[in-house]
Amino acid sequence: MIRINSEIALENILVKDTESLYELMKEVYPLAYNYFWEDGGKWYINSQYSEENIRKELVQVNAEYFFVIFKGERVGNFRIIWDEPLPDFSERLKSVKLHRIYLHSKTQGNGIGKSLLTWLENKAIKKQYELIWLDAMDEKPQAFNFYKKQGYQYHSHCFLPFDLLHDKYRKMSQLYKKLN
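For the structure given in this document, a descriptive report is provided here. (Residues numbered from 1 in each chain as written. Predicted model: local features only at pLDDT ≥ 70, side-chain atom pairs only at ≥ 80, totals over all residues. Heavy atoms only, no water.)

So, the layout of surface pockets
The computed volume of the largest pocket comes to approximately 1,200 Å³. Surrounding the largest pocket, 41 residues form its lining, Tyr33, Ile101, Tyr102, Ala143 and Tyr147 being those nearest its centre. Partitioned by chemical class, the residues of the lining of the largest pocket number 25 nonpolar, 11 polar and 5 charged. The computed volume of the second largest pocket comes to approximately 160 Å³. Lining the second largest pocket we find Asp83, Glu84, Pro85, Leu86, Phe89, Glu91, Arg92, Leu93, Lys94, Ser95 and Leu131. Here the lining of the second largest pocket is composed, by residue class, of 5 nonpolar, 1 polar and 5 charged. (1 Å grid on protein atoms, 1.4 Å probe; cavity = no way out; pocket = protein on both sides within 12 Å on 5 of 7 lines; lining within 4 Å. Points joined across faces, edges and corners; volume = space filled by probe spheres on them. Nonpolar A, V, L, I, M, F, W, Y, C, P; charged D, E, K, R; others polar.)

The following block contains the structure:
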């Protein structure tokens, strides 16, 4: 368990936790994204949080995968990938990708996201990383603006190819922050 502060912690996700993670994300993901999908997000949850996919993500050597704990309760997940370069970035910088951060909507406004980003930035600086980057859905302006307030800048965007994703919600931007 990694203590972020008195209320927030990170708990390593292990192979034995695949079912717990799947069940948590069946609750967390649709609250934020169900209207993006023709099926309410079921395909996304079933593909990204299947036991097979989680096992594959857990064995990735340069990745760390955590449950986010708030006041003793699992409220989301947080996954980072070290040495993952930002595609088509003009500078060659030692980079880490914030691959996933999903938090239960009931926890919004408690500073969890900001605390996690600060923790990641501090850890990256200690490991001599120079850049953090992530993907953000353009049609989630609250999240997009949150990252901008934390100092992240727009780099590029892509359009997600998932069949069940409504066309309006396909645009995803890559944001980055250079570290001192």
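Points about the pattern of salt bridges
In a structure, side chains of opposite charge can pair up when their charged atoms sit close to one another. Inspection of the entire model under this criterion finds 14 salt bridges. The salt bridge partner of Arg100 is Glu57, with a shortest N-O separation of 2.7 Å. You can see Arg100 sitting in strand β5 (residues 95-103) and its partner Glu57 sitting in helix α3 (residues 51-58), a full 43 residues away along the chain. Relative accessible area serves as the criterion here: at 4%, Arg100 is assigned to the buried category. Its salt-bridge partner being Glu64, residue Lys123 comes within 3.0 Å of it at the nearest N-O pair. With Lys123 in helix α4 (residues 112-126) and Glu64 in strand β3 (residues 63-70), the pair connects residues that are 59 residues apart, well separated along the chain. (Salt bridge = Lys/Arg side-chain N within 4 Å of Asp/Glu carboxyl O. Helix = DSSP H or I, 4+ residues; strand = E, 2+ residues; numbered from the N terminus. Buried < 20%, exposed > 50% of the residue type's maximum accessible area, 1.4 Å probe, protein only.)

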